[in-house]
Amino acid sequence: MTLAVPLDKRAEVSEDSYNETLRLLSEGSVHKHFDPYLDIDWDSPEFAVVANDRRWILPVESDPLGAHPWYQAQPEARQIEIGMWRQANIAKVGLQFENILIRGLMQYVFSLPNDSAEARYCTHESVEECNHTMMFQEMVNRIGVDAPGMSRPMKMLAPFVPLVAGPFPELFFVGVLAGEEPIDHIQKSVLRGGGRIHPIMESVMAIHVAEEARHISFAHKLLSRRIPLMSRPNRFVLSLLFPIVMRILCDAIVVPPKSFWKQFDIPKSVKKDLFWDLSESRQTLRNYFGDVRMLATDAGLMNRGSRLVWKACKMDGRASRFRSEPDRSAHNAAA
């Protein structure tokens, strides 16, 4: 026979468990962190960016453009040029997103009480994200491409996004995951692919993936704790906004800006294939968000209405069974 635990006691236990998790995350930031100017030997000859380096050719296994017949039909020098521009722009988008995230975290921390475990961890995360912005910018500078990063509409919206963190923290941290999950998924795919990539890319990605694991874990924990405490109407509204925010920010981060397609005279049909008309590209989009579908399911945000929105956004599918579950669809298809 088991005794029922009173609701306030369960909340107290949950709060203690949550704070302990944040303490461990903070300790991780103290004892296992990176400095982009100490841990990356930028001036090493190995890191030099030289002409006609085939390591900048986009990998077939992890980049949809790299796998596209149009790209593969281009001369090698053109493939390298496109690859360098694309990788530089991904880094630029990454630092712009981190910049927005840092401002939002500081907005959220501003009103937290003394002795808040969230305040400490969010500040640790902000420090790490500042290092990431320097790391990404150094990568862009070394490649030597004047990459614009995000599209113009997203740049116009950027000053207002951090303001959401104060009054609507749940929505803000949904946006955090919308930016972090696709980048993390792409970078892990590149690193797991085992192909030859430039040491600059490999070092930057390895550091980013290692620290981003803590950041994503925090966002999942915070949302898992806060969403069940929301009122039913607010939770329903968030369930509808969840996939919309995911799709908007995913496109802002993953889809290159207009200048990319214009500069390299890439046909519109290629853009449609990649983002997201073909069944293969739609599966890639779904794969980005297996973990957040798991979060939405566990937090009670999957209902009849929200499932229709997930489907309309072309992001419906099976939820992950656990965080960072590898995608085995390509392996299974090959088998």
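For the structure, see preceding data.
Once that is clear, we can look at unusual backbone geometry. Cis rather than trans, the peptide bond between F275 and W276 has omega equal to -5 degrees. Inspection of the secondary structure puts W276 in helix 10 (residues 268–277). Located in the positive-phi region is D115, a residue other than glycine, with phi close to 65 degrees. Tracing the sequence through the fold places D115 in the loop between helix 3 (76–109) and helix 4 (117–143). On the basis of relative accessible area, D115 is assigned to the exposed category, the value being 84%. Of note in this structure, K314 is not a glycine but carries a positive phi near 65 degrees. Relative to the elements of secondary structure, K314 occurs in the loop between helix 13 (304–312) and helix 14 (329–334).

To continue, consider a positive patch on the surface. There is a patch of like positive charges on the surface, built from R152, K155, K258, K268, K271 and K272. Elements represented by at least two residues in the positive patch include exactly helix 5 (152–157) and helix 10. Looking at which element gives the most residues to the positive patch, the answer is helix 10, with three residues. Secondary-structure assignment places K271 in helix 10.

This part is about a nonpolar patch on the surface. There is a patch of nonpolar side chains on the surface, built from F236, V237, L241, I244 and I248 and spanning about 400 Å² of accessible area. Tracing the sequence through the fold places I248 in helix 8 (residues 232–254).

The next point concerns the packing of aromatic side chains. For any pair of aromatic rings, geometry is given as the distance between the ring centres together with the angle between the planes. Applying the stated criterion across every chain, the model contains 14 aromatic pairs. Ring geometry for F172 and F173: centres 5.2 Å apart, planes at 80 degrees, overall edge-to-face. Residue F172 is classed as buried on the basis of its relative accessible area, which comes to 5%. Here the aromatic residues W85, F260, W261, F264, F275, W276, Y288 and F289 are joined through ring pairs into a cluster of three or more.

Let us look at the nonpolar core. Grouped together as the largest cluster of nonpolar side chains are 93 residues, with contacts concentrated most on F173, F218, F242, M246 and F289. If you tally residues by element for this core, the top one is helix 3, at 14 residues.

Attention shifts here to the packing of helix 6 (residues 169–193) against helix 7 (residues 199–226). To characterise two packed helices, one gives the angle between the axes of the helices and the distance between these axes. Between helix 6 and helix 7, whose axes approach to 9 Å, the crossing angle comes to 145 degrees. The hand of the helix 6/helix 7 crossing is left-handed. Among the residues making up the contact of helix 6 with helix 7, the classes are represented as 16 nonpolar, four polar and eight charged.

Within the element layout of this structure, H220 appears in helix 7. Setting aside chain neighbours within four positions, we find H220 in contact with L177, E181, D291, L295 and R323.

A word on the packing of helix 8 against helix 13. For the pair helix 8 and helix 13, the least separation of the axes is 8 Å and the interaxial angle reads 10 degrees. Between helix 8 and helix 13, the crossing angle belongs to the class labelled roughly parallel. Contacts between helix 8 and helix 13 involve S239, L240, F242, P243 and I244 from the first element and G305, S306, V309 and W310 from the second.

Attention now goes to the state of the cysteines. Tallied over the full model, the rule gives zero disulfides. C122 provides the cysteine sulfur closest to C130, a residue in no disulfide bond, and the two sulfurs are 13 Å apart. You can see C250 has no disulfide; the closest cysteine sulfur is in C313, sitting 11 Å from it.

Reading the values: the criteria
- Residues numbered from 1 in each chain as written.
- Predicted model: local features only at pLDDT ≥ 70, side-chain atom pairs only at ≥ 80, totals over all residues.
- Heavy atoms only, no water.
- Helix = DSSP H or I, 4+ residues; strand = E, 2+ residues; numbered from the N terminus.
- Buried < 20%, exposed > 50% of the residue type's maximum accessible area, 1.4 Å probe, protein only.
- Patch = residues over 30% accessible without salt bridge, like charges linked within 9 Å, V, L, I, M, F, W, Y side chains within 5 Å.
- Areas by Shrake-Rupley, 256 points an atom, 1.4 Å probe, with all protein chains shown as cover.
- Salt bridge = Lys/Arg side-chain N within 4 Å of Asp/Glu carboxyl O.
- Lys, Arg positive; Asp, Glu negative; His and termini not counted.
- Charge placed at Lys NZ, Arg CZ, Asp CG, Glu CD.
- Phe/Tyr/Trp six-rings, centres within 6.5 Å; stacked < 30°, edge-to-face > 60°.
- Core = buried A, V, L, I, M, F, W, Y, C linked by side-chain atoms within 4.5 Å.
- Axes fitted to C-alpha atoms, helices over the stretch in contact; angles between N-to-C directions.
- Left-handed = near helix turned anticlockwise from the far one by under 90°.
- Nonpolar A, V, L, I, M, F, W, Y, C, P; charged D, E, K, R; others polar.
- Contact = heavy atoms within 4.5 Å.
- Parallel < 35°, antiparallel > 145°, perpendicular 65-115°, else oblique.
- Disulfide = S-S within 2.5 Å.

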